[in-house]
Amino acid sequence: MMKTFTTATIVALTMALSTGASSEPNQEDIGKPEARIFGEINQAFSTNQKGNSDFIPGVNDSFFGVDINWENEENKYFAKMSADVDINNSTNNRLSTRDAFAGVERGPLHISFGRQMNVRGKIREATVGIFEGPNNFGTQNVGRASQTLKTKYKFDDFTLVGTVTTDFGSNRNLESWEVGSAYSFSEDINLVSAFAQDKDTGQNTVIGGVNYTYGNLLFGASYERALKDVVKLGKGTFNLVSALERGKQTYKAGFQTVEQGSETYLIEAVHDFNSAGAVYANAEHITEGSLENYTIGIRLRF
């Protein structure tokens, strides 16, 4: 079944790319590419009640990259390449691949292949990943995966997405796959859900979430649970966050509880200089071990 899905998707991608193209394509056939350079610098200083302090990169390493988009009358083509920069490595500033994918969009169908954010990461961004600092809530196994084929189809207010990550080495094994959905009741209420399977560990995970906007108030929640506990991580995790915008200031609060585990409380204040720059301060309390962390940081975008 998975082989059939992958084959069908590749065929669909080939058809989408080839439809409407002549044997000798010119600039009018493929459209004119537009490139945009982007990046972000994150730097923070963190300390705890035990006196341990250090400079840290913030919720993301600093990064930079390029977006490329172009379109003709039938298709939209896109590509993204970006790199993380470890600015806290005192001996050697390291570069590592962040995103590296390309794809095509035709009507409601969106197909891409390469290294890109997984569905679980998109759910975190859409629901509870609102904090600037490194002490951020999320779900397990959030991240970017290489050699990932992603297919998305949008039906009005409903979106269906699936990913397949495969090892194209000598074994050519299926490593993991995800299916997710999103539904917008209105501009203010959005629901998201996903099912993920990791073939290496055999762990199956279900995730659900919601965000709700009321004026300048934002609320988000997510719940994640492992259905098959192979790696002993099968605990339910519930996250609840809120944010209040007041001019250039935003005040945020969050709560996380892990089944048979600890609870985490997080508050944060952010001052936006403009759309590109902001400073923030946050405090985190973890009940397990009575750990408290305090962070101040700056974020610059371009």
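What counts, and where the lines are drawn
Residues numbered from 1 in each chain as written. Predicted model: local features only at pLDDT ≥ 70, side-chain atom pairs only at ≥ 80, totals over all residues. Heavy atoms only, no water. Helix = DSSP H or I, 4+ residues; strand = E, 2+ residues; numbered from the N terminus. Buried < 20%, exposed > 50% of the residue type's maximum accessible area, 1.4 Å probe, protein only. Contact = heavy atoms within 4.5 Å. Pairing = 2+ DSSP bridges. Phe/Tyr/Trp six-rings, centres within 6.5 Å; stacked < 30°, edge-to-face > 60°. Lys NZ or Arg CZ within 6 Å of the ring centre and 35° of its normal. pLDDT = per-residue confidence, 0-100. Salt bridge = Lys/Arg side-chain N within 4 Å of Asp/Glu carboxyl O. Core = buried A, V, L, I, M, F, W, Y, C linked by side-chain atoms within 4.5 Å.

Along the backbone of the protein chain there are three helices and 17 strands. Taking all 302 residues of the protein chain together, 36% fall into the buried category. In the protein chain, of all internal contacts separated by at least 6 residues, the share reaching a separation of at least 24 is 43%.

Attention shifts here to unusual backbone geometry. One non-glycine residue, Gln147, lies in the positive phi region at around 50 degrees. Structurally, Gln147 is set in strand E7 (residues 144-155). In this model, Asp156 sits at a positive phi of 50 degrees, which is unusual for a non-glycine residue. For Asp156, the position within the fold is in the loop between E7 and strand E8 (158-166).

With seven bridges joining them, strand E1 (residues 34-48) and strand E3 (residues 62-71) adopt antiparallel strand pairing. Pairing of Arg36 across the sheet is with Asp67, part of E3.

Here we take up the packing of aromatic side chains. Summed over all chains, the structure comprises nine aromatic pairs. Ring plane angle 90 degrees and centroid distance 4.8 Å describe the contact between Tyr183 and Phe185, whose orientation is recorded as edge-to-face. Among the residues examined, Tyr183 registers a relative accessible area of 32% and is labelled partly exposed. Positioned over the ring face of Phe63 is Arg98, at 3.8 Å from the centre of the ring.

Let's shift gears to the confidence of the model for the protein chain. When pLDDT is averaged across the protein chain, the result is 81; 78% of the residues are at 70 or more. Ranking the elements of the protein chain by mean pLDDT puts helix H1 (residues 2-18) last with 41 and strand E6 (residues 109-117) first with 95. The low-confidence segment residues 1-23, where pLDDT is below 50, has 23 contacts with residues more than four positions distant or belonging to other chains.

Within this structure, the stated rule accounts for 10 salt bridges. The partner of Asp99 in a salt bridge is Arg144, with the nearest N and O atoms 2.9 Å apart. With a gap of 45 residues between them, Asp99 in strand E5 (residues 94-106) and Arg144 in strand E7 connect regions that are remote in the sequence. Overall, the relative accessible area of 24% leaves Arg144 in the partly exposed class. Taken together, the shared-partner salt bridges in this structure form one network comprising Glu132, Asp272 and Arg299.

Let's shift gears to the nonpolar core. Membership of the largest hydrophobic core is limited to seven residues, which are Val128, Ile130, Phe131, Phe137, Val241, Ala243 and Leu266. Sequence-distant contacts of Val241, that is, excluding residues within four places in its chain, are made with Thr127, Val128, Ile130, Phe131, Phe137, Leu218, Phe219, Gly220, Ala253 and Gly254.

As defined by bridge partners, E6 adjoins E7 across eight bridges and the pair is classed as antiparallel. Within the sheet, the bridge partner assigned to Gly114 lies in E7 and is Thr148. In terms of strand pairing, E7 meets E8 through eight bridges, oriented antiparallel. Residue pairing for E8: Leu149 is matched across the bridge by Val164. Linking E7 to E8, which pair antiparallel, is a turn of two residues; within it Asp156 sits at a positive phi near 50 degrees.

Before going further, it helps to examine the environment of Asp272. Looking at where Asp272 falls in the secondary structure, it is placed in strand E15 (residues 263-272). The sequence separation of Asp272 and Lys248 amounts to 24 residues, and the corresponding C-alpha distance is 5.2 Å. Leaving out residues up to four positions away in the same chain, Asp272 has contacts with Lys248, Thr250, Gly277, Ala278 and Arg299.

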